[in-house]
Amino acid sequence: MRGLSAILWYARRQRQAAWGMIAALATGVGALVAVSSFAERVGAALLSGAAEALGGDLVIVADRPVPAHFRDEAQRLGLRTSSTTSFPSMALGNGRTRLVEVKAVDEHYPLLGELRANGRPTEAPASGEALMESDALGALDLQPGARFELGQLTLTTTGRLDDEPDRAPSVFAIGPRVMIAAADLPASGLLGFGSRASYRLHLAGDADALRAFADYAKQHPQRGLRLEGLDEARPELREALDRAEALLRISGLLALLLAGLAVGIGMQDRLRRQLDATATLRAIGAPGRFIALGALLALLPIAALGSLLGVGLGYAAQALLPPLLQGLIPTDLPPPGPRPALYGLLAGPVITLAFALPAILRLRSTPVLRILRRHLEPPAWGWATWLGLLAGGGLLAGLIILLAGATRLTAAVLGGSVALGLLLLALAGLPLWLARRRWLPTGSTTLGRLAQPGGRTHITLATLGLGLMALTLAFSLRHDLLESWSERLPVDAPNRFVINLMADQRDHFRSLLTDAGLAAPELQPMIRGRLLSIDDQPISERPLADPRARNLAEREFNLSMAARHPADNRIIAGRDWHPDEAGQPWLSVEEGLAERLGIALDSTLEFEIAGERWRGTVLNLRQVQWDSFNVNFFVTTTPSALAGWPATWITSFHLPDRQAGLVDRLVADLPNITIIDTRAALAQVREVLTRIEQAVGLVLGFVLLSAWLVLWNTAAGTARTRRRETALLRTLGASRALLRHQLLSEYALLGLLAGLLAAGAASLVSALLGRLILEDWLSVSAWPWLLTPLLGASLSAAAGWLSLRGTLDTPPAQVLREAE
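Only a predicted model underlies this, so the values are computations on that prediction, with no experimental measurement involved.

1. Considerations on unusual backbone geometry
Here is step 1 of the chain: Following tyrosine 109, the chain continues into proline 110 via a peptide bond in cis, with omega recorded as -10°.
Here is step 2 of the chain: Residue placement: proline 110 occurs in the loop between β3 (96-105) and β4 (116-117).
Here is step 3 of the chain: Positive phi outside glycine occurs at asparagine 94, with the angle close to 55°.
Here is step 4 of the chain: Using a relative accessible area of 53% as the deciding quantity, one classes asparagine 94 as exposed.
Here is step 5 of the chain: Positive phi, close to 70°, is recorded for asparagine 500, a residue that is not glycine.
Here is step 6 of the chain: Take asparagine 500: it is sitting in strand β12 (residues 496-501).
Here is step 7 of the chain: Relative accessible area serves as the criterion here: at 9%, asparagine 500 is assigned to the buried category.

Written out as structure tokens, the structure is:
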């Protein structure tokens, strides 16, 4: 007990103000708590609303009408059922057209949840009526009670559709919703051959009956048909959010790690001031564990206060994320739970201990002779330092696995961050190395001071540069990628796609375009087929790399015939077919599809087309430029190889803005066709990326703040030395204004160098991503090279001024007396 009392006495003696360390820890913990709380709320919303998200307790999803025996079995088991059919089409009203998502529902819809229209609950539309989202009403200039055309139907809109329980967020929609009665579908003429419709049979009822139906469905499997339960609700949203959650959580961890670095720097400076007292204690017989335990206990208030402040900051910040991602996530999120707070309260002490251990274990090796020789310090890389680094690294690894998971994404992002940090560290040391050798001009107050040996200038340069780079990359990548993509498109690149054109409508469609002064379109046939086997191995038995490859293999393919490949296609393996080989069952397969499904040259592919089997042999693999906005296919064959099979036709063309009215005439004459405006799709992509950019920017703001606090703690650690230098200079006649200018100039230069490093790293990463995504090097933007250094200089000057402004106010006589 006497030993414990002595340790506590020693810990109390070590208590010092450490607001820089506390602020850094609060920032890192706040970032982690914010993203953890937000992710937990979204996950809870998806789980609690899973039944409504499905529109039932179970749902059968198919790309063709669900066989009647499934409905018969559900009714036999006493389950309630409802059917829906969804597909894109063109709506026409008041001489205007709009691409919409049609959803035909029966009288039992919805089984679960609430359908809302005109601000109140409502029932499914009756025959001849329709509900339309506000975007569709506005585009067609319709009021409730107005009439519009959909295919061969003339319908009356009964009002504004506000919410449907089983619809994913709008980011996944290609147009606003129009809901009609299922009884009107046959007369619409919109579900002919080639229509891309999704059919769903929703079920609800007793749990035992649902299990019995699930067993029945598994005993009657069919291609293109799958059974979804509550765990699979909104799979496309779950996958996107899982990736977003992982990236946000890793960003929070990066902020936490930078905060830990600030704690480590602060701890080193804190313990350096205790070397004299530690040497005295060792001289009178205090053991090393006494010194280490006392230093550890002195950290407890810092870790506790920083963690508590961080938890509060995190809960406040996470409330800002849902508005930024409106439309991409569920709208009704539950309140925050306690688990993120527990993460923060655990992560704060762990990160503090991990980064402080090397300094604490090094402190216990303080030489006793320091009492007589003040220049002596513990060995910088002795066994204690290595032991502290190993122990701290183990704690960090455990924390990362607990909070982010041991996934490849975690390893890639954190590994990439570490690699960039080391690169920035090496680059940061270059100008300082040149300055020390007088190869760069080194005035006494700017670069020369930064280049002094023994400082941490290169560490602070790399850390601040990493934070600035993350923020710059987040805000520039979307602009650079999209602008580069847009610039690569020709002025007359196709901006309209036409699908569902029937064979007997081709001549009329072509004449409508040529009469309007447009070039005759190149129409291509589209035959729908389902892949059955590759080299006689059924798809169901073929091992595939990931679920996405499995879904790709089991969906219906759009096959086409062509005498020659589009100009933007390039054969990378095999040979093209000759004109005299028309009718031969040769296949050309897109390289990405071939890689995912394990298709090689001379592979034999078997398809089911209109209930019959057809086989072809792979003659070549193609590289397709998908971003050209031209019509392209995964699989094509020779002309007339599929002649006689039912087909629809597809094309793309460029429509000048001044002739936008042509779309209305096309839809009026050919109501079954669907025209997709790629400009609207690109605008939607921009909106989605802007929202994501804003959310990521908020989280990366924590990263930048953590990096800034590293700089603040580094500056605070030099306060004692600065105070002595300032006192000496003031004694020699230097004015306060001159010293203030010297201080601000030095830290502004430090931030300017960090900003230049950040701009260079962000441009490099952006160019590499452009090469990977667009297969072309991106042009370097000028704004990061201008704004990032200015931001770095401002932040650095502010950190230096806040940390060291007190040194200018200390009377020189007081400092000189302390030195004695």
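2. Brief notes about the packing of aromatic side chains
Here is step 1 of the chain: What the rule picks out here adds up to 5 aromatic pairs.
Here is step 2 of the chain: Between the aromatic rings of phenylalanine 213 and tyrosine 216, the centroid separation amounts to 6.4 Å while the plane-to-plane angle is 35°, which identifies the pairing as tilted. One end of the pair, phenylalanine 213, and the other, tyrosine 216, are both in helix α7 (residues 207-219), 3 residues apart, so they sit about a helical turn from each other.
Here is step 3 of the chain: For phenylalanine 213, a relative accessible area of 0% corresponds to the buried category.
Here is step 4 of the chain: Given the relative accessible area of 16%, tyrosine 216 is considered buried.
Here is step 5 of the chain: Look at phenylalanine 509 and phenylalanine 653: their rings are 6.4 Å apart centre to centre, the planes differ by 65°, and that puts the pair in the edge-to-face class. Pair noted here: phenylalanine 509 is in helix α17 (residues 506-515) and phenylalanine 653 is in strand β21 (residues 648-653), with a separation of 144 residues, a long-range link.

3. Things to note about the side chain of threonine 352
Here is step 1 of the chain: Assignment of secondary structure puts threonine 352 in helix α12 (residues 339-363).
Here is step 2 of the chain: The exposure class assigned to threonine 352 is buried, which follows from its relative accessible area of 2%.
Here is step 3 of the chain: A polar contact of 2.8 Å, which involves the side chain of threonine 352, links it to the backbone oxygen of glycine 348.
Here is step 4 of the chain: With residues up to four places along the chain from it excluded, the contact list for threonine 352 reads Leu25, Val263, Leu299 and Ala303.

4. Brief notes about helix α4 (residues 68-76)
Here is step 1 of the chain: Among the residues making up α4, those that are buried are Phe70, Glu73 and Ala74. Buried residues of α4, seen end-on, are gathered within an arc of 100° and therefore sit on one face of the element. Of the exposed residues in α4, the ones pointing more than 90 degrees away from its buried face are Ala68 and Arg76.
Here is step 2 of the chain: Lining the buried residues of α4 we find β1 (58-62), β2 (80-93), β10 (198-204), α7 and β11 (225-228).
Here is step 3 of the chain: Immediately beyond the C-terminal end of α4, within one or two residues, lies glycine 78, with a positive phi of roughly 80°.

5. Focus: the environment of glutamate 40
Here is step 1 of the chain: Inspection of the secondary structure assignment puts glutamate 40 in helix α2 (residues 19-48).
Here is step 2 of the chain: On the basis of relative accessibility, which here comes to 26%, the residue glutamate 40 falls in the partly exposed class.
Here is step 3 of the chain: Taking C-alpha positions, glutamate 40 is 8.6 Å from arginine 339, a pair spaced 299 residues apart along the chain.
Here is step 4 of the chain: Leave out the neighbours within four places in its chain, and glutamate 40 touches Gly337, Arg339 and Pro340.

6. Considerations on the nonpolar core
One broad rule of soluble globular proteins: the nonpolar side chains tend to lie buried together.
Here is step 1 of the chain: Leu464, Leu468, Met469, Val703, Leu711 and Tyr747 are the most contacted members of the largest nonpolar core, which has 38 residues in total.
Here is step 2 of the chain: Non-local contacts of leucine 711, meaning those with residues more than four positions away in its chain, are made with Thr460, Leu464, Tyr747, Leu750, Ser796 and Ala799.
Here is step 3 of the chain: The next biggest cluster of nonpolar side chains, apart from the first, holds 34 residues, and it includes Met21, Leu271, Val350 and Leu403.

The rules behind each value
Residues numbered from 1 in each chain as written. Predicted model: local features only at pLDDT ≥ 70, side-chain atom pairs only at ≥ 80, totals over all residues. Heavy atoms only, no water. Helix = DSSP H or I, 4+ residues; strand = E, 2+ residues; numbered from the N terminus. Buried < 20%, exposed > 50% of the residue type's maximum accessible area, 1.4 Å probe, protein only. Phe/Tyr/Trp six-rings, centres within 6.5 Å; stacked < 30°, edge-to-face > 60°. Polar contact = N/O pair within 3.5 Å; in protein donor to acceptor, adjacent residues only side chain to side chain. Contact = heavy atoms within 4.5 Å. Arc of directions from axis to C-beta. Core = buried A, V, L, I, M, F, W, Y, C linked by side-chain atoms within 4.5 Å.

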